[in-house]
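A structural walkthrough
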Amino acid sequence: MSIAEILYEQYKVLPKKVQNELKALINTDDEATVSVSVKALKNAVKDVKQLKKGKIQARPITKLFKELENGN
């Protein structure tokens, strides 16, 4: 089952009011965009591949949160 199918199945069991609110939220013109550089994306993919191979070790989540708070 694909992610889209799973999401749709979850959507179907929501109450009608919540379904309508979700539709309204999706259809708003208030689009939030995230800017990501290609270089940063390539580096992230490279890091994930190295993690899977066991070549590097994951850092603690608390360190990640601190970096995000500092804007690094």
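Note: the structure precedes this text.
Summary of the structure given here. The structure displayed is predicted, hence computed values, not measured ones.

What counts and what doesn't
Residues numbered from 1 in each chain as written. Predicted model: local features only at pLDDT ≥ 70, side-chain atom pairs only at ≥ 80, totals over all residues. Heavy atoms only, no water. Helix = DSSP H or I, 4+ residues; strand = E, 2+ residues; numbered from the N terminus. Rg over C-alpha atoms; globule rule 2.2 N^0.38 Å. Buried < 20%, exposed > 50% of the residue type's maximum accessible area, 1.4 Å probe, protein only. Areas by Shrake-Rupley, 256 points an atom, 1.4 Å probe, with all protein chains shown as cover. Lys, Arg positive; Asp, Glu negative; His and termini not counted. Charge placed at Lys NZ, Arg CZ, Asp CG, Glu CD. Salt bridge = Lys/Arg side-chain N within 4 Å of Asp/Glu carboxyl O. Patch = residues over 30% accessible without salt bridge, like charges linked within 9 Å, V, L, I, M, F, W, Y side chains within 5 Å.

**What about the overall build of the chain?**
- When helices and strands are counted, the chain shows four helices and zero strands.
- Along its sequence from the N terminus, the chain presents helices and strands in the succession α-α-α-α.
- Taken over C-alpha atoms, the radius of gyration comes to 19 Å for the chain, far larger than the 11 Å a tight globule of 72 residues would show.
- Here the C-alpha coordinates of the chain stretch approximately 50 × 30 × 25 Å along the principal axes.
- The buried share of the chain, taken over its 72 residues, is 3%.
- Of the roughly 7,200 Å² that the chain leaves accessible, carbon and sulfur atoms contribute 58%.
- A distance of 12 Å separates the average location of the 14 positive side-chain charges in the chain from that of its 9 negative side-chain charges.

**What to know about the pattern of salt bridges**
- Taken as a whole and judged by the stated rule, the model has two salt bridges.
- Salt-bridge contacts for Glu9 lead to Lys12; the nearest nitrogen and oxygen are separated by 3.3 Å. Note that Glu9 and Lys12 are positioned in helix H1 (residues 3-12) at a spacing of three residues, about one turn of the helix.
- Close ionic contact of Glu67 with Arg59 constitutes a salt bridge, the shortest N to O distance being 3.4 Å.

**Observations concerning helix H4 (residues 61-70)**
- Burial within H4 is sparse, with just zero of its 10 residues counted as buried.
- Gly71 sits one or two residues past H4 and shows a positive phi near 80°.

**Concerning the environment of Leu25**
- On the secondary structure map, Leu25 appears in helix H2 (residues 16-27).
- In this structure Leu25 comes out as exposed when scored by relative accessible area, which is 59%.
- Spatially, the C-alpha atoms of Leu25 and Glu67 are 31 Å apart, while their sequence positions differ by 42 residues.

**A word on a nonpolar patch on the surface**
- A grouping of Leu22, Leu25 and Ile26 is seen on the molecular surface, where their side chains present a nonpolar patch of about 300 Å² in accessible area.
- When you line up the elements, Ile26 lands in helix H2.
- Among the residues examined, Ile26 registers a relative accessible area of 62% and is labelled exposed.

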